[in-house]
Structure formats: C-alpha cells, structure tokens
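Here's the letter readout for the chains.
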Amino acid sequence: MIAFLLRRLGQSLLLLLIVSVIGFAILHLAPGGPLSQFAAGGDMTQADLDRIAEQLGLNRPLPVQYVEWLWRMLTGDWGLSYRDQQPVLHIIASHLGATLELMLTSTLLAMVIGAWVGILGAIRRYSLFDSLATIGAMIALSIPTFWFGLVIIYVFSVGLGWLPAGNRYTMGDGSFLNQVHHLIGPCIVLALVSTAVWSRYMRSSMLEVVNQDYIRTARAKGVPERQILLRHALRNALLPMITITGLHVPTLLSGALVTETVFTWPGMGRLFLDSISYRDYPVVMGILMFTAVLVLLGSLLADLLYGVADPRISRSGR
Amino acid sequence: MNKPSTKASGLALPALHRREVLALGAGGLLAASGLGARAQGKVPPPPPAKPSGQVVVGLSQEPTAFNPLMPGIEVDETVWMQIFNTMWLAQPDGSLVPDLAAEVPTEANGGISEGGLAWKVKLREGITWHDGTPFTAEDVKYTLELINAPGFKARTRVGHSLVKDIKVSGPLEISWRMEKAYAPYLALLSNTFIVPKHLLEKAADPNTAPFNGAPVGTGPFKWGTRTPGDNIQLVANEKYHGKGPYLEKAVLKYVPDQTALYAQFRTGQVDLIIGTGIPANFYAEAVKLPGRKVVKIPSASLEVLMPNLEHPALSDKAVRKALYASINKQAIIDIVFYGLHIPTESFMPQESWAYDPNLPKQAYDPALAGKILDDAGWKRSGSGVRMKNGVPLEFAVSTTTGAALREQCQQLMQQDWQQVGIKMAINNMPAAVIWGDFYTRSKFQSLLVGTAFRTVIDPDPAHRFGSDAIPAKSGNGANQMQWQNAEADALMKQGQETFDMAKRKEIYQKLQVLVREELPILPIYQYAPVEGYKEGLIGYQPNINARQNTWNMGQWYWAK
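Description of the structure in this document. Quick caveat, the model's predicted, so the values are computed rather than measured.

1. Re the overall build of chain A
Summing up its helical and strand segments, chain A has 14 helices and zero strands in all. Start at the N end of chain A and walk to the C end: the helices and strands fall as α-α-α-α-α-α-α-α-α-α-α-α-α-α. Based on the C-alpha atoms only, the size of chain A along its principal axes is roughly 85 × 60 × 35 Å. Residue burial in chain A is summarised as follows: out of 318 residues, 49% are buried. For chain A, contacts bridging at least 24 residues in sequence account for 72% of all contacts bridging at least 6.

2. A word on the pairing of strand S20 (residues 446–451) of chain B
Residues and elements named next belong to chain B. Of all the six residues making up S20, six are buried; the element is thus mostly covered by neighbouring parts of the structure. Across the two faces of S20 the burial is the same, with Ser-446, Leu-448 and Gly-450 and Leu-447, Val-449 and Thr-451 all buried. Note: strand S13 (residues 302–307) against S20, six bridges, orientation antiparallel. Of the residues in S20, the one forming a bridge with Met-306 is Leu-447.

3. Considerations on the sheet that holds strand S21 (residues 522–526) of chain B
Residue and element names in this part refer to chain B. Strand order in the open sheet formed by four strands is S14-S21-S13-S20, with antiparallel pairing between adjacent strands. At either end of the open sheet lies a strand with only one pairing partner, and these are strand S14 (342–343) and S20. Summarising the sheet, S13 and S21 pair through four bridges and their orientation is antiparallel. Looking across to S21, one finds that Val-304 is bridged to Pro-523.

4. Side note on helix H4 (residues 62–74) of chain A
Residues and elements named next belong to chain A. Over its 13 residues, H4 runs 18 Å from end to end, which matches the ideal 18 Å to within 8%, given 1.5 Å per residue. Tucked inside the fold, the buried residues of H4 contact helix H1 (2–29) and helix H14 (281–309). Two residues or fewer after H4 comes Gly-76, characterised by a positive phi angle close to 90 degrees.

5. Digging into the environment of Gln179(A)
You can see Gln179(A) is positioned in helix H8 (residues 176–210). Gln179(A) sits 20 residues away from Gly159(A) along the chain, and the two C-alpha atoms are 21 Å apart.

6. Brief notes about the sheet that holds strand S16 (residues 386–388) of chain B
Residue and element names in this part refer to chain B. The strand order across the open sheet built from three strands is S15-S16-S17, with neighbouring strands paired in antiparallel fashion. The sheet terminates laterally at strand S15 (379–380) and strand S17 (391–392), the two strands that pair on one side only. The sheet contact formed by S15 and S16 spans two bridges and is antiparallel. Following the sheet pairing, Arg-380 is matched in S16 by Arg-386.

7. Let's talk about a nonpolar patch on the surface
Residue and element names in this part refer to chain A. On the surface, Leu-14, Leu-17, Ile-18, Val-21, Ile-22 and Ile-26 cluster together into a nonpolar patch covering about 550 Å² of accessible area. Mapping Leu-14 onto the fold places it in helix H1. Overall, Leu-14 belongs to the exposed group, its relative accessible area being 54%.

8. Quick notes on the packing of helix H5 (residues 88–123) of chain A against helix H11 (residues 239–254) of chain A
Residue and element names in this part refer to chain A. Two elements in contact, H5 and H11, have axes separated by 7 Å at closest approach and are oriented at 140 degrees. The angle between H5 and H11 places the two elements in the oblique class. Residues Leu-96, Thr-99, Leu-100, Met-103, Leu-104, Thr-107 and Met-111 of H5 pack against Thr-245, His-248, Thr-251, Leu-252, Leu-253 and Ser-254 of H11. Partitioned by chemical class, the residues of the contact of H5 with H11 number seven nonpolar, six polar and no charged.

9. Concerning the packing of aromatic side chains
All names here are of chain B. With the rule as written, the count across this model stands at 27 aromatic pairs over all chains. Measuring from ring centre to ring centre gives 5.5 Å for Tyr-246 and Tyr-557, while their planes differ by 85 degrees; the resulting arrangement is edge-to-face. Within this pair, whereas Tyr-246 is found in the loop between strand S9 (231–236) and strand S10 (249–254), its partner Tyr-557 is found in strand S24 (residues 557–558), the two being separated by 311 residues in sequence. An aromatic cluster of three or more residues is present, and its members are Trp-119, Trp-176, Tyr-185 and Phe-499. Above the ring of Phe-265, the side-chain terminus of Arg-292 is found at 5.6 Å from the ring centroid.

10. Observations concerning the interface of chain A and chain B
Each partner contributes to the interface: chain A provides 51 residues, whereas chain B provides 68 residues. Interface area for chain A against chain B, summed over the two sides, is near 4700 Å², with a carbon-plus-sulfur share of 55%. If you look at where chain A meets chain B, you find three salt bridges. Note that Arg83(A) is salt-bridged to Glu62(B), the shortest N-O span being 3.5 Å. Listing elements by their share of the side of chain A that touches chain B, those giving two or more residues are helix H2 (36–39), helix H3 (46–56), H5, helix H7 (145–159), helix H12 (257–262) and helix H13 (268–277) of chain A. When its residues are assigned to classes, the side of chain A that touches chain B shows 21 nonpolar, 21 polar and nine charged.

11. Some thoughts on unusual backbone geometry
Between Gly244(B) and the following residue, Pro245(B), the backbone shows a cis peptide bond with an omega angle of -5 degrees. Tracing the backbone through its elements, the reader meets Pro245(B) in the loop between S9 and S10. Notably, Tyr126(A) is not glycine yet its phi reads approximately 65 degrees, a positive angle. Structurally, the position occupied by Tyr126(A) is in the loop between H5 and helix H6 (128–142). On the basis of relative accessible area, Tyr126(A) is assigned to the exposed category, the value being 63%. With a phi close to 50 degrees, Leu519(B) is a non-glycine residue in the positive phi region. Mapped onto the fold, Leu519(B) is located in the loop between helix H17 (501–518) and S21.

12. Some remarks on the environment of Leu207(A)
Residue and element names in this part refer to chain A. The residue Leu-207 is located in helix H8 in this model. In this structure, the C-alpha to C-alpha distance between Leu-207 and Leu-102, residues 105 residues apart in sequence, is 31 Å. Contact partners of Leu-207, with chain neighbours within four places excluded, come to Ala-122 and Arg-125.

What counts, and at which threshold
Residues numbered from 1 in each chain as written. Chains lettered and ligands numbered in written order. Predicted model: local features only at pLDDT ≥ 70, side-chain atom pairs only at ≥ 80, totals over all residues. Heavy atoms only, no water. Helix = DSSP H or I, 4+ residues; strand = E, 2+ residues; numbered from the N terminus. Buried < 20%, exposed > 50% of the residue type's maximum accessible area, 1.4 Å probe, protein only. Contact = heavy atoms within 4.5 Å. Pairing = 2+ DSSP bridges. Expected span 1.5 Å × (residues − 1). Patch = residues over 30% accessible without salt bridge, like charges linked within 9 Å, V, L, I, M, F, W, Y side chains within 5 Å. Areas by Shrake-Rupley, 256 points an atom, 1.4 Å probe, with all protein chains shown as cover. Salt bridge = Lys/Arg side-chain N within 4 Å of Asp/Glu carboxyl O. Axes fitted to C-alpha atoms, helices over the stretch in contact; angles between N-to-C directions. Parallel < 35°, antiparallel > 145°, perpendicular 65-115°, else oblique. Nonpolar A, V, L, I, M, F, W, Y, C, P; charged D, E, K, R; others polar. Phe/Tyr/Trp six-rings, centres within 6.5 Å; stacked < 30°, edge-to-face > 60°. Lys NZ or Arg CZ within 6 Å of the ring centre and 35° of its normal. Buried area = accessible area lost by both parts, 1.4 Å probe.

Given below as structure tokens:
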C-alpha cells in the first residue's frame, strides 16, 4: 500500500512538472501580453509600457522566467497577480467558496436525479420513459450552456421575474434564503448537462449488472425484485461511478467557465477566463497547477476508494 | 446601398472586446448636455442631512488596481475617484475647479510664472486623510516624487518627468520648476490622484504596499470591502471636505458580460450602468424601460481607421483620400450602430474648446475616390485591383475578434472599397493579441480602433502625432500610425509652450485642418455610449472630461 502511494506520488510530481512546462510555454508563447490592456487606451506611452515590462521581468528569456517561477513555486511563493497585485493563492482562495457552493449543489442535484433516471431507464429498458430520457439526455448534452443560461435569465428573470438575473446574493442582503434564490438559475443550467451525463453512465452500468448470472440466480431463488435491485444490482452498478466521481472532483473546484460568466458568479471559472484574457500569467499558472493537483488527487482518491468498496481489487495484488 | 449581410445579433456580446477598446481615453472638453437631475424636469428634493441608502453601480470590467499611480485601466478610476482627490477637477463644461488646491494656478494669479517654468500651488485647509491624519503639501511632494522614483511601477510619467526642484514652503504651499514650458500639465494634474505620504513611505516597497489593496485617501468614500471578481463596497466619509457624500454606501458591481449586465439593469439588481454602457443593439428597447432613465452620453473616444503610414500603399496620401471618400459613414452609423454615434472630421471631441467645426465634410463619393486614384497613377489591373509601380492597392484591416458590430463595419468598407478597385482583407485578433506588440510596434497594416488623441482633457496630441513619438522607431510615444510631419511637429510644440487659451485654440485649429488634409487617421465617428440609471437617483451627471461618470458620486442621493 505504502509502496503504491509512493509510486503514485513520484508519478504525480513528474506529471506536474510536465504540466507546468507545457502550460508555461503555451501561455507565454501565445501572442499578446499583459500590457495590451494598457496600450489600447492611448495615454500610456511606449516608454511607460517598456518600463513596466522591464519591472515585471517580462523582457527576460522565457527559460529564465520559468526557472524563477518554478523556484518560487517550490518555496511556496505563487507570485503576485499582474492585475491586482495580490498573492495568487489569496486570489484563488477568495474564489473557491463561490465555486464550491455552486458546483456542489448542482453536482448533488445531478447525481441524485441522474442516478434515478439512469436506474429507471435500465430497469425499464426501451420503455417510453427510457426513450424519453435518452432523447432528453441527448438534447441536454447538445444545448450550449451559454445559450441555455441566457434563456433561463430571459424567461425566469426578465420575463417572469421569479429568479434574479445573476449574482451570488443581493447587494446589502446576503441572507441564506437570498443565496439559495440566486443559486437556482445557475444550478439548473449546470445540473442539466451533468444530469444527462450521470444518467447515461448509471444506465449503462446498471444494464451491465442486471444481465449478470447472479441476478438471474437471485431471481430464480425468489428474492423480491426490490431487494434484487437495491442489494444486488445497485451496489455493483455503483462501483464504476466511484471512478467517475473521483474524476469529477477537480470540476467541483475549478468551476464552470461559461455558467459563471453568464450568471455573474464570482468563482474559479470566471477568474480563469478573466486571467487569460488579461494574460495575468501568475494567476493562470496558479490555477493550472491547482487544477492539475486536484486531478491527480481525484484519480488517486478514486483508486483508493475503489479498493475499499470492492475487495476484489486489492492494492497488494498490483 | 450596401446592407450588412447579417443583422446584428441581439444576444451575447462578450465583454472582452468592448472592454478593451471601446471606452478608452474618455474625457473631453466643454458642455455636457445637462442630463442628470435637471433633465428630470423638476426641482430635485434636497439631499439627506446624513448619508443614507446605497447605490449599486454595474461595471462590465473589474476594477483591480487601487493605487491610483500604478498601471490601471479606465474602470479602475471608478474607485480612485471616490477614494482620492486631485488638486483640481475638470467639470462637464471643461473648466477646472480646485479640489485639494485652494485655487487653480494660472499666469494671471501668479501660480504659473516665468513662461510656464515655475509653478506654485496653495492647498486647501482642513482636509484630512481617511485615517484622520491631516493632508499637507508633503503629500503632494511625495506623490510627484514617487511617480518619478526609479523602481516604482508608475502608470505614466508623461509631464511628471519634467518636474524638478519640488519645494514645500509651508504646510499648505508647494512649488516646483519644469524643465520646459508644458501647458498640458495642468490637465495631467487634474487626473493625478494624491496619495498619503505617511502610509506609503512606511512600506518597504511601495509597489507591494498593503495600501495598494486597501487604499486610504481624502475622497468622499472610504474603502470598505472587496470580494474579488464580484464587487467593491465603499462607505461614506463623513468628514469629507467637499459636498456630500449623501449615500451611506456605494457598491461597484462587476458583471462581466454586457448582455447579462443589461439584464441586471432591467431587473433592477444594478442601479446604473456606466462605462462600456448598454450595448447599442439594446438602446431602442432600453429607452422604453419603465422606471429607468437611459441616456446617450458624450464621449471623447473616436472610432478611426488607423493606417500604418509605412505600408507601401497606405503611405500615399491619395490612397488615404480615396479610402476616406469611399467610406459610407452614414450607413455605418445608421445601419450598423443603430444611429447612435456622431460622424466627425476631427481628432478632437466636438465638445472641446479647441474643436474646429469648419473642417471639410466627408461625403460618400466612390466616383471621386476613383478619380483621385486615377489621377495619382493607381491603375486597375486585370484582377480589378489597382496597381502603381508594381505595388497592388491592397491591405488588411484588423480589429478585436468578436466585436460583431465592428465586423459588420469592416464588411461595409470592404464592399465599398472593392468597387473602387481597392482590395481589403479582414484580419481580426483577440484583444490581448492585437493591442500588444502588433499595435504598439506598428506591425499592423491598418486598424479599426476606438481611441482618443489628447492628453487627459488637454487638446495636446503630441504623444499620438509627434514624429518623435513613434514607438517602433524611438521606443517612445503612442504614434502607432508612424506619422511624420514637420508642420504638425512645430504646431504641437507651440501648443505645449503656450498657456494662453485663445492662442492655443488657433494653433490646434490649424493642426486639425492639417490632420484632416493629410489623413494620418481616417476619423469615422465620435462615440455616443449609452448609460442608464434608475429613476429617483439624483445627481448623476455625465462628464466628458471625467474618465468615468462616477466622477461626482459623492453628490448622488435617492429621492425619497
């Protein structure tokens, strides 16, 4: 077990290094730079721009910049944002709460509904419900989030006035109910797609299980159908879902780019988008590394949990 | 009549392209059209005795830089204006009103002497910083010195670099000398916010001082809290030296998508939209919203076609004249931009005291354009594209990717110019790319850009038009079109050295005639952005001479 963990740790560190090199290179080699936002205005002269580039260290060769960034990273200094001069970790931390709130709610919603739809679809395969669920899932997966978000705002906020048109809370209010009210719109949008995904996974996982011999045996023994489903089928069908959940962990914290923008949600997704458009290199690199760590942790967690849930897969066997 | 091939789509103008390009150097001079309280038609109720209520200002860009001397974009000034003060402040009519200063220095009152080389400013009594420390001339001295301090990331040193021998001769008296006479410095100081010496000098490095994240100033509002990516809350400074503040709290709310921002304005979550404003395609609908006032406001930003004058074809004045004669300005404004903007011939906003209203009017005349090109020796080749001495008359126009209305504008130009025998390609790029080296080092062939050609509110355009201000050549300035004209250089030098307004007006009118003749830029229109506010908000007043229309937020209040 320990050997497995150490091996995984070593692999992860190597992967992180590779991710950082590729990320750094792509980011800095892409045309444009953090000073573009100032240049367009026309009242900063080239001398001003050059001086600031020099002060930010943007004129030095890329490898030098990378090594310096890496060194500081290793000593725990993630750098300062070019945009607001705040420490990168501080900026990431200040956006995490909003993202976690939104993603956790919508994911729970999607998992519960998705699992239910998937199970029901598998049990009643090719029924009207199953067909409708399949078509519904295809439509949900095909709808662009951006458009769907605007439609929700247009219908429920602008038209009917039931939901706020965005934000995390009303300025000057911020009570729990007020926050829940604001959560509904973006949650519907995010949950729509994830529900579709979860229901498809659940359905196929369940289908695989219900055709197994032991289920037939259970039926032959006269075990009640309800018990067969809950005790025998569902428990086994949920196993692959652990992996999917593990892989989903990073999404919980890295946020939803589009939905957060449409609903003015001050989360990680929007921070990433804004930082990229301003070429705020330290923040983009910070988010990239943060997400990479999460991905590695998520898949490690999934592997470990899988072992716990299914004793057949034993770590020592590897 | 060339109609754009696609109707402007209503939804989803991503915020980025406009944020970078549209609302650039605002400011200007003279006569805002008296919107605000007066336009509501009746005498407004008196302001409350004690600050009360809050206002939520919707912004489509996020203010992130809070040290007003460090690099920032226009939206950052929304915050600076509330927290800090300048020595004097430009009014909508262009006049300067003393703020931290007791009076605006002039040659007449002796504040400016020796032909502009010696400056002396008396400061107002009884002003304190938000932490209670008295404001003194030492703060002004510290501010001017910090801007020029070698390691400090100052936003710009234009004008300030000429200042030397700063002397404090009393707690409220300061004087300095200039290396040369430079009239625009008065305007530059109307945009130079004074920072507290006692807080910044304590910091080991002013670039990373805690002050930069929680600024302390002398302004009508004090720093409250900030939720990054979402909002900034400011609270009333009850010891403010000027009128107001009447609001207890001001929230600057960042809504990154312009369509979403407009939706929040409709549903009442934000009380007003300023800055990049309401998208043109919503204007007709917005004016009909109940309980909202939606106004076209004056802006000093111009939309221009900026040719690169080192381009083999565009360097020919005849080509630029032909291009200008075959732009269908009216169609662009009426069809593409919903009739919002104002056609212009000058690089100067029409509200400026130096504006020349008598410049020749451009008229859409493809036949004339063809004749100009024929006369200049640009002959049609087999492919229909004109040639001269082996140089084909073709070039690319670049602008920010995704700016739907600008793209339609490009298509209109392309069609019109094709008829005249000019081949235009469209080469658009994301904001962070196009306004990088591509722009500053003049790597473009031509640009469609919204920008301003003056020094804060002063008509001086030397950093945009001077032949010593070509960044690709001298590493300085912002003359990206690379215009070199000795007569213009001489006029701009005179303009900078003269403090007499009547004489300066004459100089800048000559310069406008010259620019209209030489066409280093092809002016298309002056922006008329759309802003909106909730009925009952008293005191909002557009000011073409302020970077943002929160310039007088201390005097806003709600009618009960």
